[in-house]
Amino acid sequence: MSIQALRHEWRAWLKQPQDLVSLPGFETEWLELDNYLASHGFPKGEMTLIHGLPGTGRLTLWLQAASRLTQQGRWVAWLQNDFTLTAACLEKFNIRSDRMLCIQMPKDLKKVIWLLQECAASQIFDLIAFDIDDTFLPDRQLKKLQMQVRASQLGLVCLSSNAKQVSSSSWSSILQTTAQSVQLLRCAHRPTPKIFRRRISYDSFIGFHSYKPSTHALSSLKTEFQLNRSASEQPRPTQPATC
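What counts as what
- Residues numbered from 1 in each chain as written.
- Predicted model: local features only at pLDDT ≥ 70, side-chain atom pairs only at ≥ 80, totals over all residues.
- Heavy atoms only, no water.
- Helix = DSSP H or I, 4+ residues; strand = E, 2+ residues; numbered from the N terminus.
- Contact = heavy atoms within 4.5 Å.
- Core = buried A, V, L, I, M, F, W, Y, C linked by side-chain atoms within 4.5 Å.
- Buried < 20%, exposed > 50% of the residue type's maximum accessible area, 1.4 Å probe, protein only.
- Phe/Tyr/Trp six-rings, centres within 6.5 Å; stacked < 30°, edge-to-face > 60°.
- Salt bridge = Lys/Arg side-chain N within 4 Å of Asp/Glu carboxyl O.
- Expected span 1.5 Å × (residues − 1).
- Arc of directions from axis to C-beta.
- Pairing = 2+ DSSP bridges.

Visitor: Outline the side chain of Ser173, listing residues and values.
Guide: Its place among the elements puts Ser173 in strand 8 (residues 173-177). Setting aside anything within four residues of it in sequence, one finds Ser173 in contact with Pro43, Met47, Thr48, Leu49, Arg186 and Cys187.

Visitor: Explain the nonpolar core to me, using residue names and the numbers behind them.
Guide: Looking at soluble globular proteins, one finds that nonpolar side chains tend to be buried together. Counting 32 residues, the largest nonpolar core has Phe42, Trp62, Trp78, Leu85, Met100 and Leu127 as the members making the most contacts within it. Per-element accounting of this core gives the leading share, 7 residues, to helix 3 (residues 58-71). If near-sequence neighbours (up to four positions away) are discounted, Trp62 is found in contact with Phe42, Val76, Ala77, Trp78, Met100, Leu127, Ile128, Ala129 and Val157.

Visitor: Could you give an account of the packing of aromatic side chains, with specific residues and numbers?
Guide: The geometry of an aromatic ring pair is captured by two quantities: the separation of the ring centres and the angle between the planes. All chains considered together, the criterion is met by 4 aromatic pairs. Summarising the aromatic geometry, the rings of Tyr36 and Phe196 are spaced 5.7 Å apart at their centres and angled 70 degrees between planes, so their arrangement reads as edge-to-face. Here Tyr36, found in helix 2 (residues 31-36), pairs with Phe196, found in strand 10 (residues 194-197); they are 160 residues apart in sequence, far enough to count as distant. When sorted by exposure, Tyr36 lands in the same class as Phe196, which is buried. A centroid spacing of 6.0 Å and a plane angle of 35 degrees characterise the contact between Trp62 and Trp78, whose relative ring orientation is tilted.

Visitor: Give a description of the pattern of salt bridges that names residues and reports values.
Guide: Going through the model one piece at a time under the given rule, you end up with 6 salt bridges. We note a salt bridge from Glu29 to Arg68, for which the minimum N-O separation is 2.9 Å. Of this pair, Glu29 sits in the loop between strand 1 (25-26) and helix 2 while Arg68 is found in helix 3, placing the two residues 39 residues apart along the sequence. Look at Glu29 and you get partly exposed, because its relative accessible area is 39%. On the basis of relative accessible area, Arg68 is assigned to the partly exposed category, the value being 35%. A single network of salt bridges, built from pairs that share partners, joins Glu27, Glu29 and Arg68.

Visitor: Quick rundown of helix 5 (residues 109-121)? Include the residues and the values.
Guide: Under the 1.5 Å per step criterion, the end-to-end length of helix 5 is 18 Å for 13 residues, consistent within 8% with the ideal 18 Å. Turning to helix 5, its buried residues are Val112, Ile113, Leu115, Leu116, Cys119 and Ala120. End-on view of helix 5: buried residues confined to an arc of 160 degrees, all on one side of the axis. Exposed and facing more than 90 degrees away from the buried side of helix 5 are Lys110 and Lys111.

Visitor: Kindly report on the environment of Met47, identifying the contributing residues and their values.
Guide: Structurally, the position occupied by Met47 is in strand 3 (residues 47-51). The buried category is assigned to Met47, whose relative accessible area is 0%.

Visitor: Give a detailed account of the pairing of strand 7 (residues 155-160), specifying residues and quantitative values.
Guide: Among the 6 residues in strand 7, 6 count as buried, and that is most of the element. Burial along strand 7 is two-sided: Gly155, Val157 and Leu159 and Leu156, Cys158 and Ser160, pointing in opposite directions, are all buried. As defined by bridge partners, strand 3 adjoins strand 7 across 5 bridges and the pair is classed as parallel. When the sheet's bridge partners are listed, His51 is paired in strand 7 with Ser160. Two strands pair when backbone bridges link them, and strand 6 (residues 125-133) and strand 7 are joined in this way by 6 bridges, in the parallel orientation.

Shown next, in the form of structure tokens:
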């Protein structure tokens, strides 16, 4: 049976491109990539893996998405390992430091998963990223984290140089970076693999801020977040229009 015959037979169930609804996501500001993804960026309520060696622009994609969110007054978090963000880096990407929390990751893998779950459960952050370098996260731990991410409806981005991490089914999207291109290995409702060529230069940055992970710090931030949200929800007096 030909494709045309199948389309005619199944026309009542097939949707036209204009009828498809985009999935919620966080734009990376790379238009070619965002326009291809059904979520137009990092998917909301899902986990994304960016696999590649350091210096290939893994963090750049997340920083561009974080910049857009912080300019909207929304919170993002960066769990750092050996690489520490700098003031110059935040300024370059136009990221508001008062809407970004940098947390030093613990060495223990179980504590890393616990910290990520606590950040997700706090309902403060829209987008979180962490760099595990060559460390391997077991699929059992990723499944637990995936449940919390979906419940909290945030975007979680993992940077990794471990090739084995790509095999996990917990990642909704997988991007592989090199100095010359980004290859989309997995994503929802789009054919893969897909290669995106780029011409971007990267800089090295010196340390910025480090915060020791603690429940007290997250609780204080959550209280501040709730107070600010309550204040913003108060009815504002109506002012007469002016010409």
